[in-house]
Every structure is written in structure tokens, then in C-alpha cells.
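Structural overview
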Amino acid sequence: MEKVSVVVSLFNKEKYVKKCIMSLIEQTYPNIEIIVINDGSSDRSDDIMKKFFIDKVRYYIWNDNKGVSAARNYGLSLATAQYVTFIDADDYLDKHYIEDLMKYKKYDIVISGYTSKIFESYTAKKLEYIELNDKEIMDFTMKKNNFSFFSQPWGKLYKKSIIDKGKLFFPSISFGEDTAFVLTYLNGCKDAIIIENTGYINVENDGTLSRKYISDISNQLQILTDIVNSENILNDTFKISFWYMRNIKLKLINSHYKFKIFIDECKKTESELRHINVKKLESTGDRILYYLLKYKLYLLIYILLKLKQR
């Protein structure tokens, strides 16, 4: 029976880590290697790991916080299994989750839905069951209603051989490192499958619910765009239009807390609008935003975004 390496990145999750690790230990799939990288936690996470799980997982702790990319990369370097999956330390799994993923192990990647838990409210997030070949994968990914499922590394089963062959890693950027890894991996896949399983429970706690202002988001998105371009992922006008409109929206949402910065960001979108073919944009909302930016109706955009955020 093939082994699955589960890489857990842990940083200051003392309230959640016990439930996370217990959900891995209790998996019905028997051949699992649990690798926990404690990325310099300053809370009681280390005490909890040593008290309850030191003999049940492969546990590594760093004195300094090196970031989630470094933690996941180190976990990958330690993984000995044929298959790999990731989980954040504040999330947890249904006990059948990995067993259900492994039913589709012949595919280069298995993508599941997930359950979003906000306080005590649970919401299933899923796409319909679909099989994709190499020519369909990226077209499917670069659709507005699909992309969020591909912008995080969890909720997926990867083949270690593809990661090793492509020398794939999480880049050391503070925004978009997950997206870079997943898209680069997908670009090396011959096939993929999306299943309707929602047994990955993504816990949106106080820390994840609040969006922090990222002062250098433009630089981070440019690095991400350079990575994607280097892989020739943006190879037609549909994908290019989707990508640059997404970047614009991310920057505007990031800056909407500060009016002056928001207006400055709007003014900077002119160069990105040149990449966008408005006829290729999927949603009416995106086409409206395109024209509002084109005709410099920035105050109206600001008001609409504020209303949407309420």
C-alpha cells in the first residue's frame, strides 16, 4: 500500500493544533507519514506537540520564524512517500479524507472541495466531479468561479515524483506563494480530477478572517506574474485577461481601507488594462470594473467596493 506524506506547517496555533493532528492520526487510510514543521512558534504549540504527539509524528522545530514557504519546502524535502498532501495547523480532516483521495491516485493531481468553518457556521465549497486532460487543466483553472480552489496547496493530493522531477518549491514571497506552487505543479500534469469530497475543514479564525494591508503587494504580484509567465501558463488572451484583472482586483481590495492609496492604485492600473481583452472577461462585474478604470471613475469604484465590503 502506497504511503502518503502529510506536511503540516505550524506557527502559533495552540488553540487548534491538537485537533488538527488528531484528525490525521485517526485517518482510516493506514499508511500515513505525518511531518510537522513548527516554524518558530512563540505560544504553547511546542508544548502541545511534545506532550501529545512526539512519538506519533515526525516533528521538527525552528527557533526562528522563517515563513510558511520555508516550512512547507522543508517538509517536502523530508517526505518519503509517493504522494503528498498539505494541511494548515488550524484546519482538520474528516477521518475518511485521505482514503477518499487515494481512490483517485492514478491521476497526477486530485483536487477536493472543502468545508469552510467560520465560528460555528459550516459551508460546503465544492466543484462538480470532472476529469481533465493536460489541455483542459489550465483553461479550467483560470475561470473566476474555479480559481479559488487552485490558489491554496491544501485540499489536494500530489505525486511526489512530479514535485521532484520539476524541482518544485514554494517561492519566498509573502503573497501568492501557494498559487505559484499549485499552478507550476498543474502545468506539469497530464491529467487531473476534481472530486466532490468536502472533508477538508478550513477553519477561518480571527486571524484569517481579517485581511491585512500588504504594503508591497504590487511587487509581490509582479514576482508571481513573472513565475507564471516563465512557465508559459498565460498562453492565450483569455488567461491573460483573467490574470491581470485578478491582479487589479487584489490590489484594489488591499488598498480600499485607505482612500488616497486606493486612488493611487487605480491610477497605476493603466499599464495592466492594456493586457486585458474586455471581451474575454467572464463576468459582467469584471467588464464594468474595466470600463470604470478605463474612464477613470475611481471614486465610483471606491464607493461600490465599500458597499460590497459591508
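Structure first, text after, so check above.
If you're wondering where the values come from, they're calculated on a predicted model, not measured in any experiment.

**Considerations on the packing of aromatic side chains**
- Per the counting criterion, the structure on display carries 21 aromatic pairs.
- Relative to Tyr302, the ring of Phe259 lies with its centre 4.8 Å away and its plane at 80 degrees, an arrangement referred to as edge-to-face. Of this pair, Phe259 sits in helix 11 (residues 259-267) while Tyr302 is found in helix 14 (residues 298-309), placing the two residues 43 residues apart along the sequence.
- Assessed through its relative accessible area of 14%, Tyr302 is described here as buried.
- Joined through ring pairs, the aromatic side chains of Phe86, Tyr158, Phe170, Phe181 and Tyr185 make up one cluster.
- Over the aromatic face of Phe52 sits the side chain of Lys18, whose NZ or CZ is 3.9 Å from the ring centroid.
- Across from the ring centre of Tyr213, 4.5 Å away, lies the NZ or CZ of Lys258, which sits over that ring.

**Here's the deal with the side chain of Asp39**
- Along the chain, Asp39 turns up in the loop between strand 2 (32-38) and helix 2 (45-52).
- Buried within the structure, Asp39 lacks any salt-bridge partner; its nearest side chain of opposite charge belongs to Lys66, at an N-O separation of 7.0 Å.
- Only 2.6 Å separates the side chain of Asp39 from the side chain of Asn65, close enough to count as a polar contact.
- Residue contacts for Asp39: discarding those within four places in its chain leaves Leu10, Phe11, Trp62, Asp64, Asn65, Lys66, Gly67, Val68 and Ala71.

Conventions we followed
Residues numbered from 1 in each chain as written. Predicted model: local features only at pLDDT ≥ 70, side-chain atom pairs only at ≥ 80, totals over all residues. Heavy atoms only, no water. Phe/Tyr/Trp six-rings, centres within 6.5 Å; stacked < 30°, edge-to-face > 60°. Helix = DSSP H or I, 4+ residues; strand = E, 2+ residues; numbered from the N terminus. Buried < 20%, exposed > 50% of the residue type's maximum accessible area, 1.4 Å probe, protein only. Lys NZ or Arg CZ within 6 Å of the ring centre and 35° of its normal. Lys, Arg positive; Asp, Glu negative; His and termini not counted. Salt bridge = Lys/Arg side-chain N within 4 Å of Asp/Glu carboxyl O. Polar contact = N/O pair within 3.5 Å; in protein donor to acceptor, adjacent residues only side chain to side chain. Contact = heavy atoms within 4.5 Å.

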